[in-house]
Amino acid sequence: MTHLVALEKVEKTTLQLGYIPLLDCIALLWAKHRGFFDELGLNVNLVKEASWASLRDRLAFGLLDAAHCLSAMLPAAAVGTDQIGIPLQTPLVLSENRAFISLSQKLCYALNIQKQDSAESSAKKITDYIHHNQNISFAHVFQHSIHHYCLREWLTLADPKLAQSIQLRTLPPPYMVEAMSNHFIDGFCVGEPWNTQAELEGLSHMICSSQQIIPNVADKVLAVTQEWAKQNPKTLIALTRAIAKAQQELQQLEDFTAVWQLLIEFNVIQFQCSSDIHVEKYFTIQNIIRHFVQGNAEPKAKDFEWLFQQMYKWSSADHTTQAYTEQARACLLLEIHQAAASQL
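Model, not experiment: these values are computed from the prediction.

### A short note on the pattern of salt bridges
Close approach of charged atoms lets side chains of opposite charge pair. Applying the stated criterion across every chain, the model contains 15 salt bridges. Of the charged contacts in the structure, one is a salt bridge between glutamate 39 and lysine 245, with a shortest N-O distance of 3.0 Å. Of this pair, glutamate 39 sits in helix α3 (residues 36-39) while lysine 245 sits in helix α13 (residues 233-252), and the two are 206 residues apart along the sequence. Classification of glutamate 39 as partly exposed rests on a relative accessible area of 38%. Residue classification places lysine 245 among the partly exposed residues on the basis of a relative accessible area of 31%. Between aspartate 57 and arginine 56 there is a salt bridge, with the nearest N and O atoms lying 2.9 Å from each other. Linked through salt bridges whose partners overlap, the residues forming this network are Asp24, Asp219 and Lys220.

Next comes the structure, spelled out in structure tokens:
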């Protein structure tokens, strides 16, 4: 009976939900696996996208109903910096500030970069090396991402001018390891598990976390277009509720066997890692999943104010310090979040 009531309430029952293979898509996968979408009358198809650019375009033009999305895409869409200008909004944070900077093991050895080095120390070694006319190629996942901002803020710790001028390559997260293996790049900033995979393959070392460099802001969010949210508010409440329920369960789960198998099934985890092999990595990844968000995953205006500031800071446009409070609030769907949370 509950299922039938849910079917009558939502405006749209069959949804295309996009994601990129990263650890922080796990709440979407888990909600599907556990039947949380079905409970609310939603027939959700999970759609793996090849890159953040393709995910953004397909979301903006209606081929996806909702998506696991880079938080910084929302400010870019709000002001048309993404060259599309279709506003995106979010009712739910999927992860907060969980990126890492990895450098090739060869480079770490050559520059004596140690894991215990501070972010400022490793940045100084890298910038000094570059100033001696040595080329280093860094990759990030997308121009509008905390990964982009994290790399530049890291380099700023040692050399603000170099941080502004250095050219960065853009690569989808799953291609970072291959690019490192082929010597196409020397370092990258990406979310897990791709740093761990590159490290286990003997290609790179994680030298610092984004948490050491930038504030604890939203990294990935559940995103929809503003127009879609207006047309399907009840559907969006149900979708948000199902994913938030998955988040809560993942935070409290003791046995991660089924979660791990799901990550393998969806090609997020592509390496041997368990309670018997690479044990520290195995439990580190579990810990990351348990702590993707703090509190109830409600999006915060201050996070998006910071993202607006960063977007302008690292663009070619003249940057002046100002508040982006109203623009930030326009990215949030707090009423949807609150309605979904009240039903959990």
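### As for the sheet that holds strand β8 (residues 187-191)
Pairing between the strands of a sheet comes from backbone hydrogen bonds, and it takes one of two forms, parallel or antiparallel. Pairing within the open sheet is mixed, and its five strands lie in the order β7-β6-β8-β5-β9. Of all the strands in the sheet, the pair left with one neighbour each is β7 (168-170) and β9 (204-209). Looking at each pair of strands side by side, their axes are set apart by 30° on average, direction ignored. The strands touched by helix α8 (residues 146-156) within the sheet are β5 (99-104), β6 (138-140), β7, β8 and β9, with β6 carrying the most contacts at an inclination of about 145°.

### A word on the nonpolar core
The biggest cluster of nonpolar side chains holds 131 residues, and the ones touching the most others in it are Leu17, Ile126, Trp154, Leu239, Ile243 and Ile289. Each of domain 1 (14-96 + 218-288 + 295-342) and domain 2 (99-212) accounts for three or more of the residues forming this core. When residues no more than four places from it in sequence are discounted, the contact partners of isoleucine 126 are Leu103, Leu107, Leu111, Ile113, Ile136, Phe138, Trp154 and Leu155.

### Here we look at the domain arrangement of the protein
Segmenting the protein into domains produces domain 1 (14-96 + 218-288 + 295-342) and domain 2 (99-212). Listed per partner, the contact involves 36 residues of domain 1 and 28 residues of domain 2. Carbon and sulfur atoms make up 69% of the surface buried where domain 1 meets domain 2, a total of about 2500 Å² over both sides. Taken together, the connections running from domain 1 to domain 2 amount to two salt bridges. For lysine 281, the salt bridge is made with glutamate 199, and the minimal N-O distance between the two is 2.5 Å. In this structure, the connection of domain 1 to domain 2 is made through five residue pairs in polar contact (both at pLDDT 80 or more). Breaking the side of domain 1 that touches domain 2 down by element, the ones donating at least two residues are α4 (52-60), α5 (73-79), β10 (218-225), α15 (279-290) and α16 (301-313). Residue contributions to the side of domain 1 that touches domain 2 peak at five residues, all from α16. Looking at the side of domain 1 that touches domain 2 residue by residue, the class counts come to 21 nonpolar, nine polar and six charged.

### A short note on the sheet that holds strand β1 (residues 14-19)
Taken in spatial order, the five strands make up an open sheet running β2-β1-β3-β10-β4, and their pairing is mixed. The open sheet has two edge strands, β2 (43-48) and β4 (88-96), and neither has a second partner. Averaged over all pairs of adjacent strands, the angle between their axes in this sheet comes to 25°, without regard to strand direction. Packed on one face of the sheet, α4 meets β1, β2, β3 (66-70), β4 and β10 and runs near 140° to β3.

### Overview of α8
Most of α8 sits out of view: ten of its eleven residues are buried. Along α8, the residues classified as buried are Ile146, His147, His148, Tyr149, Cys150, Leu151, Arg152, Glu153, Trp154 and Leu155.

### What about the pairing of β4?
Counted residue by residue, β4 has nine buried out of nine residues, so it is predominantly covered. With six bridges joining them, β4 and β10 adopt antiparallel strand pairing. Note that in β10 the partner of leucine 92 across the bridge is leucine 222.

### Comments concerning unusual backbone geometry
The peptide bond linking glutamate 192 to proline 193 adopts the cis configuration, its omega dihedral lying at 15°. With a phi close to 50°, histidine 278 is a non-glycine residue in the positive phi region. Considering the arrangement of structural elements, one finds histidine 278 in the loop between α14 (257-265) and α15.

### Topic: the packing of helix α2 (residues 26-33) against α13
Taken N-terminus to C-terminus, the directions of α2 and α13 make an angle of 100°; their axes are 8 Å apart at the nearest point. Regarding the angle of α2 to α13, the classification is roughly perpendicular. Across the interface between the two elements, Ile26, Ala27, Leu28, Trp30 and Ala31 from α2 touch Ala242, Ile243, Ala246, Gln247, Glu249 and Leu250 from α13. For the contact of α2 with α13, the residue count by class is nine nonpolar, one polar and one charged.

Conventions and cut-offs
Residue positions within a chain follow its written sequence, with the count starting from 1. Selection of residues for local features in this predicted model requires a pLDDT of at least 70, selection of side-chain atom pairs for listing and counting requires 80 or more, and totals for whole chains, interfaces and linings are taken over all residues. In computing side-chain properties, one takes all heavy atoms of the structure into account and sets aside hydrogens as well as water. Throughout this description, the term salt bridge denotes a Lys or Arg side-chain nitrogen within 4 Å of a carboxyl oxygen of Asp or Glu. A run of DSSP states H or I qualifies as a helix once it reaches four residues; a run of E qualifies as a strand once it reaches two. Both are numbered from the N-terminal end. Burial classification: accessible surface area is computed with a 1.4 Å probe over protein chains only, and a residue below 20% of its type maximum counts as buried, one above 50% as exposed, and the rest as partly exposed. A pair of strands is treated as paired once DSSP finds two or more bridges between them. Interaxial angle, 0 to 180 degrees, is taken between N-to-C directions of lines fitted to C-alpha atoms, where a helix line uses only the stretch in contact. Two residues qualify as a contact provided that any one of their heavy atoms is within 4.5 Å of a heavy atom in the partner residue. In this text, buried Ala, Val, Leu, Ile, Met, Phe, Trp, Tyr and Cys residues form a nonpolar core when linked through side-chain atoms within 4.5 Å. For the domains described, the bounds stem from an automatic or database domain assignment. Here the quantity called buried area is the accessible surface, traced with a 1.4 Å probe, that two parts lose on coming together, added over both. Pairs of N or O atoms are called polar contacts if they sit within 3.5 Å, as long as, within protein, a hydrogen donor faces a hydrogen acceptor (for residues adjacent in sequence, only side-chain-to-side-chain pairs). Gly falls in the polar group here, along with every residue not listed as nonpolar (Ala, Val, Leu, Ile, Met, Phe, Trp, Tyr, Cys, Pro) or charged (Asp, Glu, Lys, Arg). Should an angle lie under 35 degrees it is considered roughly parallel, over 145 roughly antiparallel, and from 65 to 115 roughly perpendicular; all remaining angles are considered oblique.

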